[in-house]
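Listed below are the residues making up each chain.
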Amino acid sequence: MRPPRANAYRDAWAGELGPGRVGETVTVAGWVHRRRDHGGLIFIDLRDRSGIVQLVFNPDGAPEAHAEAERLRSEFVVSATGTVLEREAGNVNPNLATGEIEIGVAELRRLATSDTPPFPVDDDSPVDELLRLSHRVLDLRRPAMQHALAVRHTILRAMREHLNARDFLDLETPILTRSTPEGARDFLVPARMNPGAWYALPQSPQLFKQLLMMGGFERYYQIARCFRDEDLRGFRQPEFTQLDLEMSFVEEDDVIEITETTMAHVFEAAGFSVAPPPWPRLPFAEAMLRYGSDKPDLRFGLEIAELGEAFAGTGFQVFSRVLDGGGVVRGLNAGARELPRRELDELTEVVRRFGAGGLVWAFVQEDGSWRSPAAKALSDAERAGVAERLGARPGDLLLLVADTAAVAAQALGEVRLELSRRFGLVAEGAHQITWVVDFPMFEPTDGGSGWTALHHPFTAPLGDFSDPGALQSRGYDLVLDGTEIGGGSIRIATPEVQQQVFDVLGIGPEEARARFGFLLDALRYGAPPHGGIALGLDRIVAILAGRDSIRDVIAFPKTASGADPLTGAPAPVDAEQLAELGVKSLAPPRSG
Ligand code: ASP
């Protein structure tokens, strides 16, 4: 850090003092990190954002300051002036950046006291998350949060630096707007001045960034807040941040190039080691087959293989029934692992959770035969066929699933991840990044009667509309270590194609006009070819800062139930407020 502007509180950062400053008089300010009373001398570790420096109070040299230091407790706020002293060799603290020096304090000002913190602030010992979030101010002072938010800043700065240098304009888009269909529920805001009407908070700036392209801005980016009212998991928050960007007169390669160079700059700034671009582009179908996921974790093998051919005409009914019904048999080689029955049952539970009927396991014996519940039902040729496709050797554990392609893929994909967790298959510090491309444009809705867009309805389709299920999209996702960190597409640039997509989604011309008339109109006045991407900032920071939860890289996050224990949001409002908005609540009155 640059030296602070000298004022009444400080003229130096605590963490930046070193032997070069010995003999100088300095003033530092911050929090009491730790205090040790050694009979005569009192030692205080003083903490500011830059780090920690040791203050020493000598009752003989500065009795007033020493007396004041006796009353200091953890998290009191102080400013201290004194001389930078070299520590004696035996007292040097190699664990502290400033461990070679200390400040012999002549004058101490206590600026604020502190109640006893409900958890230790001076270390990162585990603390109940609700307690941390309820006392977020104290939690933010802890080393892990200080680090995470500094990494967040570094990443944001690197993104802005790169895009500014590449002529992108940082433009804002509205927060009070109309619904943008990204596939989640909207947060709604009643419009007092238009009773009965509602704003929606944007699920993303998707339509506005497209309109900016039609408005001639060519290259846009925004660190954008997005709002999606969906059930939350570890990697989700009701409001989250994206690096959102859009470009005109571009194809897939152009958006991929700017994303790769931006992210390479980010990785470098954050000291995160990933192979330099260009990054591999894995077709969606291949990702689903080989890894059972559209966000494959490539840091370990355990690839899944199609085994249907090995079982063509099999007498094993569990497989023949599925194959005859148009399903698949797939499997993976878990390697030479002697798993006890209990763990095999747990893996079976995993595939059941994802809809598969069961898991066939087999240990390959020295003579090529199998120790497996299915051993008797299978022929030598079938076993040999599987062994060849899975590269099986004696001692290996083979895991097979027979089901629809979608279920088998997901079930084995989850088994793959479970095995990697159980056996620690990801090497320390290994990172793998890949694009996933060639997505289907649509997938059947849950009920199976209609279609939904895999990316969003503004993604350009490839192919013809006679068979929506066969259409591909011009979308692309970026996947880091098995987490989707971004996604985007080349967009539809004509009103006709846009309406064709709406038709497949069951949005007729009238509804389309009502909801998206502004987009359809804009597309009529000369829309350039355009495309873009959004990168999930919270996820990226979590991975780069080595945190499991995105709540650990957001200063003021919400819990899994969407609540903020700090402010108490969401909270009931007065009846008058609702009346003024023309809104009546159907919710039962809340207690407490
Ligand atoms: N709007 C998309 C999203 O938020 C990203 C994009 O297509 O650019 O996921």
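Before reading on, note that the structure itself is shown above.
Residues numbered from 1 in each chain as written. Predicted model: local features only at pLDDT ≥ 70, side-chain atom pairs only at ≥ 80, totals over all residues. Heavy atoms only, no water.

Scanning all chains against the criterion turns up 10 aromatic pairs. Measuring from centroid to centroid gives 6.3 Å for F458 and F502, while their planes differ by 85°, and the two rings are edge-to-face. Pair noted here: F458 is in the loop between β19 (451–453) and β20 (461–462) and F502 is in helix α12 (residues 495–504), with a separation of 44 residues, a long-range link. The exposure classification of F458 matches that of F502, with both residues buried. The ring of F423 carries R337 above its face, with NZ or CZ at 4.5 Å from the centroid. (Phe/Tyr/Trp six-rings, centres within 6.5 Å; stacked < 30°, edge-to-face > 60°. Helix = DSSP H or I, 4+ residues; strand = E, 2+ residues; numbered from the N terminus. Buried < 20%, exposed > 50% of the residue type's maximum accessible area, 1.4 Å probe, protein only. Lys NZ or Arg CZ within 6 Å of the ring centre and 35° of its normal.)

This part is about the pattern of salt bridges. In this structure the tally under the stated criterion is 45 salt bridges. Among the salt bridges present, the one from R136 reaches D139, with a minimum N-O distance of 2.6 Å. Placement of the pair is R136 and D139 together in helix α3 (residues 136–140), with a separation of three residues, close to one helical turn. Residue R136 is classed as buried on the basis of its relative accessible area of 1%. The class of D139 is buried, set by a relative accessible area of 1%. Residues D253 and R281 are paired through a salt bridge, measuring 2.7 Å at the closest nitrogen-oxygen approach. (Salt bridge = Lys/Arg side-chain N within 4 Å of Asp/Glu carboxyl O.)

A few words now on the sheet that holds strand β6 (residues 169–170). The eight strands are arranged β6-β9-β10-β24-β23-β22-β17-β11 in an open sheet whose pairing can be described as mixed. Either end of the sheet is taken by a strand with one partner, and the two such strands are β6 and β11 (281–283). The pairing of strand β22 (residues 475–480) with strand β23 (residues 483–490) spans six bridges and is classified as antiparallel. Residue L478 lies in a different strand from β23, and its bridge partner there is G486. Each of β6, β9 (219–227) and β10 (239–248) touches helix α4 (residues 143–165); the most contacted strand, β9, lies at about 150° to it. Relative to strand β24 (residues 530–536), helix α14 (residues 537–544) is tilted by about 45°, and along the sheet it contacts β10, β22, β23 and β24. (Pairing = 2+ DSSP bridges. Contact = heavy atoms within 4.5 Å. Axes fitted to C-alpha atoms, helices over the stretch in contact; angles between N-to-C directions.)

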